[in-house]
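This is what each chain is made of:
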Amino acid sequence: MSILPYPDRLTAFARRIARTLLPGSCLLCGADSPDDLLCNDCSADLPALPLARCPLCADQTTHGERCGACLKDPPHFDQAIAAFAYDFPLDRIVHALKYGHQLAVADWCARQLVTRLDTGELDCIVPLPLHPERLCARGFNQSGEIAKVLASASGLPVRQDSLLRTRATATQAELLHKERHRNVGGAFECRTDFSGKRLLLVDDVMTTAATANECARVLKLHGARAVTVAVVARALKH
Ligand SMILES: [Zn+2]
Ligand SMILES: [Zn+2]
């Protein structure tokens, strides 16, 4: 049962706010788009994920088999679901999410994800947290904003404060593969008992799986039965 009494009404409310913030033109090309963040042409051109991808981390593989990284060192999460490949113009959409238009873009991101999820298989949504210093500088957590809309659209509860980033880490993109695991090790803490729960860990982009993997490890240490990672965009190695 949902902890939110009127998910449909809340979604309608979120979309109404989103529309009032939208200038009525496509975020990417400026063409008229009164009802949505992107016009139909730009929506149709978004970079799709390859059909053949790793069932665990969603990276591209030749025939849809597990990728080398997941075979060698299976991740703590059970699967990763991504709406798009992280390529132009998804980088612009994510930039807009982080640095402006956040409500309208978070609403759009959540709608891309909700159609790809089997919410009947999930108990709770957990956004990937920012370190308090970064949260303070930005004023909001973009993953938390997506998780909020996802919660109202799906009827699932969201736990914004369960998972904490207790150590500031370097940006993963700046590091070599080996350093990425070390960089996020011990950076997260969980203060909720998730015994038996099937969790949805939400983030905007998955660059490497290292951050989501460390979060999933901590969530499972706190009882989570399953962790599905949902990201708007997945960076592909190839
Ligand atoms: Zn457009
Ligand atoms: Zn993989």
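Residues numbered from 1 in each chain as written. Chains lettered and ligands numbered in written order. Predicted model: local features only at pLDDT ≥ 70, side-chain atom pairs only at ≥ 80, totals over all residues. Heavy atoms only, no water.

Asker: Would you explain the coordination of the zinc ion (ligand 1) in this entry?
Answerer: Four donors placed tetrahedrally about a metal ideally form angles of 109.5 degrees, and six donors placed octahedrally ideally form angles of 90 or 180 degrees. Distances from the zinc ion (ligand 1) to its protein donors, Cys26 (SG), Cys29 (SG), Cys39 (SG) and Cys42 (SG), fall within 2.3 Å. If you look at the zinc ion (ligand 1), its four donor atoms make angles of 105 to 116° with each other, and the shape they trace is tetrahedral. Positions of the donor residues of the zinc ion (ligand 1), expressed as sequence spacing, correspond to C-x2-C-x9-C-x2-C. Residue Cys26 is classed as buried on the basis of its relative accessible area, which comes to 4%. (Donors = N, O, S within 2.8 Å, 3.2 Å for Na, K, Ca; no water. Tetrahedral: all angles 85-135°; square planar, octahedral: opposite > 155°, others 65-115°. Buried < 20%, exposed > 50% of the residue type's maximum accessible area, 1.4 Å probe, protein only.)

Asker: Is there a simple way to explain the packing of aromatic side chains in this structure?
Answerer: The geometry of an aromatic ring pair is captured by two quantities: the separation of the ring centres and the angle between the planes. This model, assessed by the stated rule, comprises one aromatic pair. With a centroid separation of 5.9 Å and 10° between ring planes, the pair formed by Phe84 and Trp108 is classed as stacked. Of this pair, Phe84 sits in strand β1 (residues 79–85) while Trp108 sits in helix α5 (residues 102–114); the two residues are 24 residues apart in sequence, bridging distant segments of the chain. Under the relative-accessibility criterion, Phe84 is labelled buried at 7%. The ring of Phe84 is capped by Arg116, whose NZ or CZ atom sits 5.3 Å from the centre of that ring. (Phe/Tyr/Trp six-rings, centres within 6.5 Å; stacked < 30°, edge-to-face > 60°. Helix = DSSP H or I, 4+ residues; strand = E, 2+ residues; numbered from the N terminus. Lys NZ or Arg CZ within 6 Å of the ring centre and 35° of its normal.)

Asker: Explain the coordination of the zinc ion (ligand 2) here, please?
Answerer: Donor atoms from the polypeptide that bind the zinc ion (ligand 2) are Cys54 (SG), Cys57 (SG), Cys67 (SG) and Cys70 (SG), placed at 2.3 Å. Coordination at the zinc ion (ligand 2) is tetrahedral: its four donor atoms span angles of 103 to 116° at the metal. By relative accessible area, Cys67 is classed as buried at 7%.

Asker: Explain the pairing of strand β2 (residues 124–127) here, please?
Answerer: Within a regular beta strand, the side chains point alternately toward one face of the sheet and then the other, so they alternate between its two faces. Along β2, one buried face is formed by Cys124 and Val126 and the opposite face, lined by Ile125 and Pro127, is buried too. Judged from the four bridges that link them, β2 and strand β5 (residues 198–206) form a sheet pairing that is parallel. Across the sheet, residue Pro127 finds its bridge partner in β5, namely Val202. (Pairing = 2+ DSSP bridges.)

Asker: Help me understand the sheet that holds strand β6 (residues 226–234) in this model?
Answerer: Note on sheets: strands pair through backbone hydrogen bonds, and any given pair is parallel or antiparallel. Taken together, the four strands give an open sheet; going across it, the order is β1-β6-β5-β2, and neighbouring strands pair in parallel fashion. Two strands in the sheet have a free side with no partner beyond their single neighbour: β1 and β2. The mean inter-strand angle of the sheet, taken between neighbouring strand axes irrespective of direction, is 20°. Sheet analysis places β1 next to β6, joined by six bridges and oriented parallel. Residue Gln79 lies in a different strand from β6, and its bridge partner there is Thr228. Across the sheet, helix α4 (residues 90–99) touches β1, β5 and β6, and the angle it forms with β5 is around 105°. Docked against the sheet, helix α7 (residues 142–154) engages β2, β5 and β6, running at close to 135° with respect to β5. (Axes fitted to C-alpha atoms, helices over the stretch in contact; angles between N-to-C directions. Contact = heavy atoms within 4.5 Å.)

Asker: When you look at the environment of Leu49 in this model, what are you seeing that I'm missing?
Answerer: Here Leu49 is to be found in the loop between α2 (40–44) and α3 (68–72). Assessed through its relative accessible area of 12%, Leu49 is described here as buried. Along the chain, Leu49 and Ala233 lie 184 residues apart, while their C-alpha atoms are 8.7 Å from each other. Sequence-distant contacts of Leu49, defined by excluding residues within four places in its chain, comprise Ala82, Phe84, Ala85, Arg234 and Leu236.

Asker: Help me understand the pattern of salt bridges in this model?
Answerer: It is possible for side chains of opposite charge to pair when their charged atoms get near one another. Scanning all chains against the criterion turns up eight salt bridges. A salt bridge links Lys220 to Asp78; the shortest N-O distance between them is 2.8 Å. Residue Lys220 is located in helix α9 (residues 210–221), and its partner Asp78 is located in the loop between α3 and β1; the two are separated by 142 residues in the primary sequence. By relative accessible area, Lys220 is classed as partly exposed at 28%. We classify Asp78 as partly exposed; its relative accessible area is 35%. One salt bridge in this structure joins Arg217 and Glu214, with 2.9 Å as the shortest N-O distance. Remark: Glu214 and Arg217 occur in helix α9; sequence separation between them is three residues, near one turn of the helix. We classify Glu214 as buried; its relative accessible area is 9%. Each of Asp36, Asp107 and Arg111 takes part in one network of salt bridges that share partners. (Salt bridge = Lys/Arg side-chain N within 4 Å of Asp/Glu carboxyl O.)

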